[in-house]
Amino acid sequence: MTEHVEWSDPEAAAAPASAPVTPADAADAARLVAFGLQPKLLPARDQEYADLLRRYREDPSFGRLADAVATGLGLVVLEVSPRAGMAVTAAEDSVFAIRMGDYARRTSADSGDRFLHGLAHLAVAALAFPRPEDLADDGYIGRVTVNGVDAFVRQACRRLEERAEEQGQNTDPATDAPALEAAWRIWARRSATGATKDARRLAGSTTGIVAKAVAFLTDSGFLQRTGDDGGGTYRTTARYQLQVRDMACSAAMAELLELGVVPVTDGTATLLPADDSDDLELVADSGLPFHS
């Protein structure tokens, strides 16, 4: 006859030891992180991804193992959910980190214009999520257009130029020392379109730079193209909201928003007049989602 142990028995009451981690567990955890590195892939479109995601959420030990794999790769887990999958971002020292110089080479852009490309990414983020409540609302979808982003930055440039003039600062630095110019001064001087003879947009124009930025964000799973109006219309994804939420405390984004150039959130170029506030200066090389 089998002897049953009473629940009051101290040995029976002790928590069972955690099962040892197997190579299969480690492989599954690494597989989940690999899914997370495919930003356009959603759990709803891949059954294996959905199953691993469910295991992460229901099995704490597996969740810790997947987090450890991500940490070992220099990744930061922003969120693990059905809406965003395993959303990860690269830490500054990660091999997956994208730097502005790498981005410039990838898009065949002039690395000397890295300030402008960083400013374009910063402006897209600020225009897509102009209010704290927009970032806090998981259901919020931001919308931007290429022309709207350019108009937003130019409005900020005008505001910064007015403040420089009020304070008697030099608004016309030497042309042979472009590195000394603030990004907003370079942007204001650059042609917005600079179309070629066949009406194509020049890559070095400010709308060309914005177009490169939103194309990169689309390829990275942060934006989705929805139309051609305004030079290209885009909507944000859950992953982009998490990315911007993670970087929202950056000084550069706060300074751009605090200029008082409040955009309409449908992605158009309509802007409200700037309010008075303390003088602010944009920080170079701070565009999302890059590391300086």
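Residues numbered from 1 in each chain as written. Predicted model: local features only at pLDDT ≥ 70, side-chain atom pairs only at ≥ 80, totals over all residues. Heavy atoms only, no water.

What to know about the overall build of the chain
Part 1: Scanning the chain from N- to C-terminus turns up twelve helices and five strands.
Part 2: Here the chain holds 292 residues, and 45% of them are scored as buried.
Part 3: Taken as a whole, the chain presents about 15,300 Å² of accessible surface, with 52% of it coming from carbon and sulfur. (Helix = DSSP H or I, 4+ residues; strand = E, 2+ residues; numbered from the N terminus. Buried < 20%, exposed > 50% of the residue type's maximum accessible area, 1.4 Å probe, protein only. Areas by Shrake-Rupley, 256 points an atom, 1.4 Å probe, with all protein chains shown as cover.)

Describing the confidence of the model for the chain
Part 1: Scored by pLDDT, the chain has a mean of 74; 65% of the residues are at 70 or more.
Part 2: The model gives residues 1-16 a pLDDT under 50, and that stretch makes three contacts with residues more than four places away or in other chains.
Part 3: Low confidence marks residues 262-292, where pLDDT is under 50. Its contacts with residues over four positions away, or in another chain, come to 97 contacts. (pLDDT = per-residue confidence, 0-100. Contact = heavy atoms within 4.5 Å.)

Details of the nonpolar core
Part 1: Within the largest apolar cluster, 37 residues are counted, with the highest numbers of intra-cluster contacts made by Val124, Trp187 and Tyr240.
Part 2: Sorting the residues of this core by element identifies α6 (114-128), α8 (146-166), α9 (183-189), α10 (206-219) and α11 (238-247) as the ones contributing at least two each.
Part 3: Among the elements that line this core, the one with the most residues is α6, at eleven residues.
Part 4: In this structure Tyr240 touches His121, Val124, Ala125, Ala128, Phe129, Leu217, Phe222 and Leu223, once residues within four positions along its chain are discounted. (Core = buried A, V, L, I, M, F, W, Y, C linked by side-chain atoms within 4.5 Å.)

Things to note about a nonpolar patch on the surface
Part 1: Side chains of Leu37, Leu73, Val95 and Phe96 sit close together on the surface and give an oily, nonpolar patch of about 360 Å² of accessible area.
Part 2: Position of Val95 relative to the elements: it lies in the loop between β2 (85-90) and α5 (100-106).
Part 3: Its relative accessible area of 77% is what places Val95 among the exposed residues. (Patch = residues over 30% accessible without salt bridge, like charges linked within 9 Å, V, L, I, M, F, W, Y side chains within 5 Å. Salt bridge = Lys/Arg side-chain N within 4 Å of Asp/Glu carboxyl O.)

Thoughts on the sheet that holds strand β5 (residues 233-236)
Part 1: With respect to topology, three strands assemble into an open sheet ordered β3-β5-β4, the strand pairing being antiparallel. Unpaired on one side and paired on the other, β3 (143-145) and β4 (223-227) mark the two borders of the sheet. Averaged over all adjacent pairs, the angle separating strand axes in this sheet is 35°, with direction ignored.
Part 2: Two strands pair when backbone bridges link them, and β4 and β5 are joined in this way by four bridges, in the antiparallel orientation. Within β5, the position partnered with Gln224 by the bridge is Arg235.
Part 3: The strands that α8 touches are β3 and β5; relative to β3, the one it contacts most, it runs at about 85°.
Part 4: With respect to the sheet, α10 is in contact with β4 and β5, its orientation differing from that of β4 by roughly 115°. (Pairing = 2+ DSSP bridges. Axes fitted to C-alpha atoms, helices over the stretch in contact; angles between N-to-C directions.)

Things to note about the pattern of salt bridges
Part 1: Evaluated as defined, the whole model comprises eleven salt bridges.
Part 2: Between Glu48 and Arg31 there is a salt bridge; the shortest N-O distance is 3.3 Å. Remark: Arg31 occurs in helix α2 (residues 23-36) and Glu48 occurs in helix α3 (residues 47-58); sequence separation between them is 17 residues.
Part 3: The partner of Arg83 in a salt bridge is Glu79, and the shortest N-O contact between them spans 3.0 Å.
Part 4: Each of Glu79, Arg83, Asp138 and Arg245 takes part in a single network of salt bridges with overlapping partners.

Notes on the packing of aromatic side chains
Part 1: Within the structure shown, the criterion is met by four aromatic pairs.
Part 2: Ring centres 6.1 Å apart and planes at 45° place the aromatic pair Phe129 and Tyr240 in the tilted group. Separated by 111 residues along the polypeptide, Phe129 in the loop between α6 and α7 (132-136) and Tyr240 in helix α11 bring together distant segments of the chain. Of the two residues, Phe129 and Tyr240, both sit in the buried class.
Part 3: An angle of 45° between the planes, with centres 5.7 Å apart, marks the rings of Phe222 and Tyr240 as tilted. One end of the pair, Phe222, is in the loop between α10 and β4; the other, Tyr240, is in helix α11, with 18 residues separating them in the sequence. Like Phe222, the residue Tyr240 is buried in the burial classification.
Part 4: The rings of Phe129, Tyr140, Phe222 and Tyr240 are connected pair by pair, giving a single aromatic cluster.
Part 5: For Arg55, the ring lying beneath its charged end belongs to Phe62, and the centroid distance is 4.1 Å. (Phe/Tyr/Trp six-rings, centres within 6.5 Å; stacked < 30°, edge-to-face > 60°. Lys NZ or Arg CZ within 6 Å of the ring centre and 35° of its normal.)

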